[in-house]
Amino acid sequence: MTRITVKVDGSSFTDEVEPRTLLVHYLREQLGKTGTVVGCDTSNCGSCTVHLDGRSVKSCSLFAVQADGHEVTTIEGLAANGQLHPMQQAFHENHALQCGYCTPGMIMQSLDLIADNPDPSEDDVRLGLEGNLCRCTGYQNIVKAVRAAAAAGGAQ
Amino acid sequence: MIPAAFEYFTPSTVDEAVALLRDQPDAKVLAGGQSLMPVLRLRLAAPETIVDIGRIGELQGVRDDGDALVIGAMTPHSTVQADPLVGEHARLVSLATATIADPQVRHRGTFGGSLAHADPAGDLPAVAVALDASFVIAGPDGRRTVAAADFFEGVFSTALAEDELLVEVRVPKYTGWGAHYEKFNRVAQQWSIVAVAAAVRLDGDSIAEARVGLTNMGSTPIRASAVEAALVGRPATPEAVREAAALAADGTSPVSDLNGDADYRRHLASVLTRRAVLSAAGTG
Ligand SMILES: Cc1cc2nc3c(=O)[nH]c(=O)nc-3n(C[C@H](O)[C@H](O)[C@H](O)COP(=O)(O)OP(=O)(O)OC[C@H]3O[C@@H](n4cnc5c(N)ncnc54)[C@H](O)[C@@H]3O)c2cc1C
Ligand code: FES
Ligand code: FES
């Protein structure tokens, strides 16, 4: 076992983990943050996307020990004071989820995209979400939601 | 799935990492993990020891070293892609890096990891070969430098021994050259079915020097020397470039797989070479 200290959604955690524990399993099973989900074994689907020190990563593709000393933000860290984050609100308003499985990853990657490009074109959004698969294929409304959030200044 | 258990080490210097690779049983380097993690999760590999090189400061970043740029092995794709020095002196590297995978993978995956992994469909090996990059390797007996042409030995196989670490890659400066990476794939985040890396230096309207590398046209990246020779001294016109590009598949032995058979890949090689060279010359 290895001791790690990680800041997750604003709170600091110190825990013992096995080195082979994936970051996503640490988040879900040790911290109870089940908002972040796992959809594949091959690093393709993006449903596990979180931010590591402010940049999007697939949390199934690093070990929890690699996050030692770093800061993680999950989908559960976005809403504040009972208010949805503007990106979450835009997904809600634009009907950008069907089963909702891809949604946490889509939202986390959309925020990364908008941080780099506050006014993305439709093509920019599609390319920026290249690493996120929606099995319900609801891409039209996802793209619409991201552009709506961007237009409303939803980068924060 | 969850990977098999292993001993985990986080060396903070290259020397420490090399000592671990030498002394620990069945040790594997972990860089960005974007190729290694899926392999471990599917238990296609189960090394006893993982040496995580992510906390070695000297492996990070891009620096100017006179007539070459030096790119640290642990520099993430997203950093390389946005680096102004790379954009100015080795634009082909920026362009090819931008086509790799997706943003999340580019935040973690590294320049050195992609080269050490030596996937025939990987995008950076052909670029390294086209640009005559050289690879600085550290091992128990010190450091050595290997030319890109000698580094890639086969599918997932390189000049690196099991107790050696790729430290950095020296890319000669191609300041003022035009560049283009033409990648052919069919779906999002897919690897190259075939891709062509091209850099050209123009003298007036004609091509003074050319570098062309082919991705996924054999078990190793291939330098299209016949194309390069046929381009030199010719005008950068569609006709002249088409003639030269017709030589692209000469001497290659691409695989046949679900994405296309060998003949189809040979055809792609010449079409993509024409597009890549014309775009690099700004006449495409
Ligand atoms: C969904 C997805 C799509 C992808 N698409 C593409 C694509 O289109 N094109 C492309 O080129 N790549 C693609 N990749 C791979 C990506 O570029 C990886 O970043 C790269 O292959 C490996 O880099 P890494 O830093 O993640 O290495 P790791 O996965 O950590 O390591 C890969 C291998 O190299 C060895 N290694 C790594 N660094 C060193 C070193 N410094 N010295 C010695 N050995 C070392 C490791 O031991 C391991 O065997 C994709 C990956 C994913 C998950
Ligand atoms: S679970 Fe599919 S990319 Fe992480
Ligand atoms: S909404 Fe069902 S996977 Fe995207």
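This structure is a prediction, so every number in the text was calculated from the model and none was measured.

Caption draft 1: Focus on the sheet that holds strand β12 (residues 194–203) of chain B. All names here are of chain B. Strand order in the open sheet formed by 4 strands is β11-β12-β13-β14, and the pairing between neighbours is antiparallel. Either end of the sheet is taken by a strand with one partner, and the two such strands are β11 (178–184) and β14 (222–223). Where helix α5 (residues 91–98) meets the sheet, its contacts fall on β11 and β12, and the angle it forms with β11 comes to roughly 20 degrees. Running at roughly 35 degrees to β12, helix α12 (residues 262–281) makes contact with β11, β12 and β13 (206–215) of the sheet.

Caption draft 2: Main features of the UniProt feature "domain: FAD-binding PCMH-type" (unreviewed entry) in chain B. The UniProt entry lists residues 1–176 of chain B under the feature "domain: FAD-binding PCMH-type" (unreviewed entry), expressed in the numbering used here. In residues 1–176 of chain B, helix accounts for 34% and strand for 26%; the two terminal C-alpha atoms are 48 Å from one another.

Caption draft 3: Broad picture of the domain arrangement of chain A. Residues and elements named next belong to chain A. Along its sequence, chain A is organised into domain 1 (2–76) and domain 2 (86–151). The C-alpha centroid of domain 2 is placed 21 Å from the C-alpha centroid of domain 1. For the pair domain 1 and domain 2, the two sides together bury roughly 1200 Å², of which 53% comes from carbon and sulfur. Broken down residue by residue, the surface that domain 1 buries against domain 2 is led by His51, Arg55 and Ile75, which jointly contribute 37%. Between domain 1 and domain 2 we count 2 salt bridges in total. Residue Arg55 pairs with Asp112 through a salt bridge whose shortest N-O separation is 3.1 Å. Counting across the interface, domain 1 meets domain 2 through 9 residue pairs in polar contact (both at pLDDT 80 or more).

Caption draft 4: Up close: the packing of helix α11 (residues 238–245) of chain B against α12(B). Residue and element names in this part refer to chain B. Where α11 meets α12, the closest approach of the two axes is 8 Å, and the angle between their N-to-C directions is 140 degrees. Taken as axis vectors, α11 and α12 run oblique relative to one another. Remark: the crossing between α11 and α12 carries right-handed chirality. For the pair formed by α11 and α12, the contact residues are Pro238, Val241, Arg242 and Ala245 on the first element and Ser270, Thr273, Arg274, Val277 and Leu278 on the second.

Caption draft 5: Structural context of the interface of chain B and chain A. Between chain B and chain A, the residue contacts involve 29 residues of the former and 35 residues of the latter. Summed over both sides, the interface of chain B with chain A buries roughly 2500 Å², with 53% coming from carbon and sulfur. For the interface between chain B and chain A, the tally reads 2 salt bridges. A salt bridge links Asp41(A) to Arg41(B), with the nearest nitrogen and oxygen atoms 3.2 Å apart. The tally of links between chain B and chain A comes to 16 residue pairs in polar contact (both at pLDDT 80 or more). For the side of chain B that touches chain A, the elements supplying multiple residues, two or more each, are α2 (36–41) and α6 (103–108) of chain B.

Caption draft 6: The arrangement of the nonpolar core in detail. Counting residues in hydrophobic clusters, the biggest one holds 39 residues, and the most contacted among them are Val93(B), Leu115(B) and Phe135(B). Ranked by residue count, the leading element in this core is helix α8 (residues 124–130) of chain B, at 4 residues. When residues of this core are assigned to domains, at least three fall in each of domain 2 (60–171) and domain 3 (178–283) of chain B. Setting aside residues no more than four positions away along its own chain, Phe135(B) makes contact with Leu115(B), Ala128(B), Arg144(B), Thr145(B), Val146(B), Ala148(B), Phe151(B), Phe152(B), Leu166(B), Glu168(B) and Val169(B). The next biggest cluster of nonpolar side chains, apart from the first, holds 28 residues, and it includes Val17(A), Tyr26(A), Leu27(A) and Leu40(B).

Caption draft 7: Helix α1 (residues 14–23) of chain B, seen in detail. Residues and elements named next belong to chain B. Inspection of α1 places Val14, Ala17, Val18, Leu20 and Leu21 among the buried residues, and these make up the whole buried set. Take α1 and look down its axis: the buried residues cluster within an arc of 160 degrees, on one side only. Away from its buried face, by an angle of more than 90 degrees, α1 presents the exposed residues Asp15 and Asp23. In this structure, the buried residues of α1 make contact with β1 (7–9), β2 (27–30), β3 (49–52), β6 (134–139), β7 (142–147) and β10 (165–172).

Caption draft 8: Looking closely at the side chain of Arg41(B). Within the fold, Arg41(B) resides in helix α2. Residue class for Arg41(B) comes out buried when judged on its relative accessible area of 1%. Within the structure, Arg41(B) has its side chain in polar contact with the side chain of Asp41(A) (distance 3.2 Å). Apart from the residues lying within four places of it in its own chain, the contact partners of Arg41(B) are Leu22(A), Val38(A), Cys40(A), Asp41(A), Thr42(A), Ser43(A), Cys60(A), Met1(B), Ile2(B) and Pro3(B).

Caption draft 9: Inspection of helix α3 (residues 103–116) of chain A at higher detail. Residues and elements named next belong to chain A. Here α3 contains 14 residues, and its C-alpha end-to-end distance of 20 Å stays within 8% of the 20 Å for a straight helix at 1.5 Å per residue. For α3, a buried count of 12 out of 14 residues is recorded, marking the element as mostly surrounded by other parts of the structure. Three or more residues of α3 are buried, namely Thr103, Pro104, Gly105, Met106, Ile107, Met108, Gln109, Ser110, Leu111, Asp112, Leu113 and Ile114.

Caption draft 10: Representation of the sheet that holds strand β4 (residues 62–65) of chain B within the structure. Residues and elements named next belong to chain B. Here 5 strands make up an open sheet; going across it, the order is β4-β5-β10-β6-β7 and the pairing antiparallel. Since the sheet does not close on itself, it has two edges, and those belong to β4 and β7, each with one partner. The average undirected angle you get between the axes of adjacent strands in this sheet is 25 degrees. Sheet strands in contact with α1 are β6, β7 and β10, and its direction is about 130 degrees off that of β10.

Caption draft 11: A look at the pairing of strand β5 (residues 68–72) of chain B. All names here are of chain B. With 5 of 5 residues buried, β5 lies mostly within the body of the structure. Covered by surrounding structure in β5 are Ala68, Val70 and Gly72 together with Leu69 and Ile71, the residues of both alternating faces. The sheet contact formed by β4 and β5 spans 4 bridges and is antiparallel. Across the sheet, residue Asp65 finds its bridge partner in β5, namely Ala68. As consecutive antiparallel partners, β4 and β5 are separated by 2 residues, and within that stretch Gly66 has a phi angle of approximately 75 degrees, a positive value. Sheet analysis places β5 next to β10, joined by 5 bridges and oriented antiparallel.

Definitions and cut-offs
Residues numbered from 1 in each chain as written. Chains lettered and ligands numbered in written order. Predicted model: local features only at pLDDT ≥ 70, side-chain atom pairs only at ≥ 80, totals over all residues. Heavy atoms only, no water. Pairing = 2+ DSSP bridges. Helix = DSSP H or I, 4+ residues; strand = E, 2+ residues; numbered from the N terminus. Contact = heavy atoms within 4.5 Å. Axes fitted to C-alpha atoms, helices over the stretch in contact; angles between N-to-C directions. UniProt positions renumbered as here; feature names shortened; annotations may be inferred. Domains from an automatic or database assignment. Buried area = accessible area lost by both parts, 1.4 Å probe. Salt bridge = Lys/Arg side-chain N within 4 Å of Asp/Glu carboxyl O. Polar contact = N/O pair within 3.5 Å; in protein donor to acceptor, adjacent residues only side chain to side chain. Parallel < 35°, antiparallel > 145°, perpendicular 65-115°, else oblique. Left-handed = near helix turned anticlockwise from the far one by under 90°. Core = buried A, V, L, I, M, F, W, Y, C linked by side-chain atoms within 4.5 Å. Buried < 20%, exposed > 50% of the residue type's maximum accessible area, 1.4 Å probe, protein only. Arc of directions from axis to C-beta. Expected span 1.5 Å × (residues − 1).

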